[in-house]
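# Residue-level structure breakdown
Residues per chain, in single letters:
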Amino acid sequence: MEDVGVVGWAQTRYGRALVDETPQSLIYSAVTGALDSSGLSIGDIDAVIDAGSDFLDGRGISSCVTVDAMGAQFKEESKVAGDGLLAAIYAYMRIASGLFSSAVVVAYGKSSESSIRKQTRTMAEPFYLRSLGLDALSAGALQARSFMRQYGIGPDACAAVAVKNRLAGVKNPHAQLRKEVTLEQVERSPEIMSPIRKLEACPITDGACAVVMAEGGIARSISARTAWVTGIGHSADAYSPGVRDLHRAASAKRAALSAYKMAGVNDPLSELDLLEVSEFYTYQELMLYEALGLCGEGESADILKAGVTGPGGRTPVNPSGGVLCANPLVATGLVRLAEASAQVSGRAGDLQVEGARKALAHAGGGLAMQTAACIVVER
Amino acid sequence: MVELARGQEDAREPVTEVTGAMDVVFKHSYGEHYDRFYREMRDNKRIVGIKCTRCGGVLLPPRPYCGKCYAPTREWVALSDEGSLLTYTCVHLPFIGQPTDPPYVYAFIMLDGADVQFPHMLGEIEPEDIEVGMRVKAVWNTDRKGTLHDIKYFRPV
């Protein structure tokens, strides 16, 4: 199997509604930015994998429309209908197989162009859950209470995740929300679906992210600072939230275990220098501490309180500010890879975790974290 | 718990289907290139293209990049509203979203000065008289709103 490295990445500006941008202009800006940062040109690329949502775009098979913007004319383009981190795993496999030498991975979304609340309702099938109007937020709220009750986790612990991540986001030039919030502000923000409060939910974001991946020979020839992909994993739990142990992120655990096994990570807390995870709501970051192996069952609030996952902690989680500071669906998880790659290659600027050599990027999908994807990158 | 034997369920009225409908409204942003393109049509009855900085091709609709070269575009170019017919179809079948009742004619036209075909409709001609290669010219609407329908159709010159 070929070595595969992440050699370039770029994010567009993010905003609640980028009315002067089309999906194509966002894609073009992300892909050209990622190519520039890699030193490769589009002519060097032989595969393009993209992630988009036909529902968000309001058109069918949207990669037919975006092919020009992606630089994919007459390349072996293929689309993933899911988070961009899955597109990165797909690209990794193509290169690792030896059939392809390099790939552009791009994910984009303009959630502002329709109603994201109506959109996430369509995640529920029409026969059962949709009749109740169950959407991403209400499924998340059911999971939040289940998790908090199971482990005796108080609302203050969830609120503290928002405080930590929003503070980190202040330093992130890409973040949509760059203003810190206090514990009191979070706890006093309106309850949008109990127990989730307004400041505990991710924003609605327009934007795109792209990464460039290449096989070892190319990566070594163009860059001394490649983020090597050493582990991948993805997993899907049962569809219906009703049949799952809602207080456990079982698919995230499995995805991480696969990635850790491949990367030879035995103790993530001491071996990883940071994690970038997809926390659409505050409680999800706590659940992920446990699922991704940073703590034992029910100990997530304790390690947060002890500062283990905070800035300067043993294993910072979301030094970028995470999804609570920007949620450019369906690029959200790919952004985690871009941030993790920047960290382990020492190119994270103001966000740099000192001496970072190994990191995990996580993406979540489906109602109440049904699915997960993980990638380990290292210097 | 009472176990139901097969056939013991109430069989008067089978439950067969649920009506699904999606009422999602989209506000698709035009972005800066479509903005200028449609403003030129609305305000100046002018079709504008944009030039690729690498191949020099004049592209329609205007966009930030040339898909073939993957290079940025820069220079705006005013095109003629006359051109040559490249291909056409006479639409007989009714379907949702049609701009007018069938029969009508869709056409791809190479406008003078452009390197990319322009999609529109033909009028003032019977389908049996249409010939590929014939010269056609835009017929502009008086009430223009900044859409492709600011042009009624193309007519033979």
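The rules behind these values
- Residues numbered from 1 in each chain as written.
- Chains lettered and ligands numbered in written order.
- Predicted model: local features only at pLDDT ≥ 70, side-chain atom pairs only at ≥ 80, totals over all residues.
- Contact = placed C-beta atoms within 7 Å.
- Nonpolar A, V, L, I, M, F, W, Y, C, P; charged D, E, K, R; others polar.
- Domains from an automatic or database assignment.
- Helix = DSSP H or I, 4+ residues; strand = E, 2+ residues; numbered from the N terminus.
- Pairing = 2+ DSSP bridges.
- Axes fitted to C-alpha atoms, helices over the stretch in contact; angles between N-to-C directions.
- Parallel < 35°, antiparallel > 145°, perpendicular 65-115°, else oblique.
- Core = buried A, V, L, I, M, F, W, Y, C linked by C-beta atoms within 7 Å.
- Buried ≥ 20, exposed ≤ 12 C-beta atoms within 10 Å, placed from the backbone.

All right, on to the interface of chain B and chain A then. With 17 residues of chain B at the interface, the matching set in chain A holds 21 residues. Of the residues assigned to the side of chain B that touches chain A, the class counts are eight nonpolar, five polar and four charged.

Before going further, it helps to examine the domain arrangement of chain A. Residues and elements named next belong to chain A. The assigned domain composition of chain A is domain 1 (4-115 + 205-222) and domain 2 (116-203 + 229-378). Its C-alpha centre places domain 1 at a distance of 23 Å from the equivalent point of domain 2. Taken together, the contact pairs 35 residues of domain 1 with 32 residues of domain 2. The greatest single-element share of the side of domain 1 that touches domain 2, amounting to seven residues, is contributed by helix H4 (residues 84-96).

All names here are of chain A. In spatial order, the strands read E3-E2-E4-E7-E1-E8-E11-E10-E9; together these nine strands make up an open sheet with mixed pairing. Every interior strand has two partners, whereas the edge strands, strand E3 (76-80) and strand E9 (274-276), have only one. Here the average twist between neighbouring strands, direction ignored, is 25°. Here helix H10 (residues 250-263) sits on the sheet and contacts strand E8 (227-236), strand E10 (358-365) and strand E11 (371-378); the angle it forms with E8, its principal contact strand, is near 145°.

On to the packing of helix H7 (residues 155-169) of chain A against helix H12 (residues 282-291) of chain A, then. Residues and elements named next belong to chain A. Between H7 and H12, the shortest axis-to-axis distance is 8 Å and the interhelical angle comes to 100°. Of the possible angle classes, the one that applies to H7 and H12 is roughly perpendicular. Touching Ala157, Cys158, Ala159, Val161 and Ala162 of H7 are Thr282, Tyr283, Glu285 and Leu286, all from H12. The residue makeup of the contact of H7 with H12, split by class, is seven nonpolar, one polar and one charged.

Another aspect to go through is the sheet that holds strand E2 (residues 58-59) of chain B. All names here are of chain B. The sheet built from four strands is open, its strands ordered E2-E1-E4-E3 with antiparallel pairing. Every interior strand has two partners, whereas the edge strands, E2 and strand E3 (65-66), have only one. Where strand E1 (residues 47-52) meets strand E4 (residues 71-79), five bridges bridge the pair, whose relative direction is antiparallel. The partner of Ile47 across the bridge, within E4, is Leu79.

What follows covers the nonpolar core. Residues and elements named next belong to chain A. Among the nonpolar cores identified, the biggest contains 156 residues, and Val105, Ala210, Val211, Met213, Leu334 and Ile375 are the most heavily contacted of them. Here this core gets nine residues from one element, more than from any other, and that element is H4. Composition of this core by domain shows at least three residues from each of domain 1 (4-115 + 205-222) and domain 2 (116-203 + 229-378).

Right, let's talk about the environment of Ser78 of chain A for a bit. All names here are of chain A. Along the chain, the position of Ser78 falls in strand E3. Assessed through the 16 C-beta atoms surrounding it within 10 Å, Ser78 is described here as partly exposed. In this view, Ser78 contacts Ile49 and Tyr90; residues no more than four positions away in its chain are not counted.

All names here are of chain A. Of all the nine residues making up strand E4 (residues 102-110), nine are buried; the element is thus mostly covered by neighbouring parts of the structure. Alternating residues of E4 divide into Ser102, Val104, Val106, Tyr108 and Lys110 and Ala103, Val105, Ala107 and Gly109, and every residue in both groups is buried. Across five bridges, strand E2 (residues 47-51) lies against E4 in parallel orientation. Residue pairing across strands places Ala47 opposite Ala103, the latter belonging to E4. In terms of strand pairing, E4 meets strand E7 (residues 206-215) through nine bridges, oriented antiparallel. Bridged to Gly109 within E7 is Gly207.

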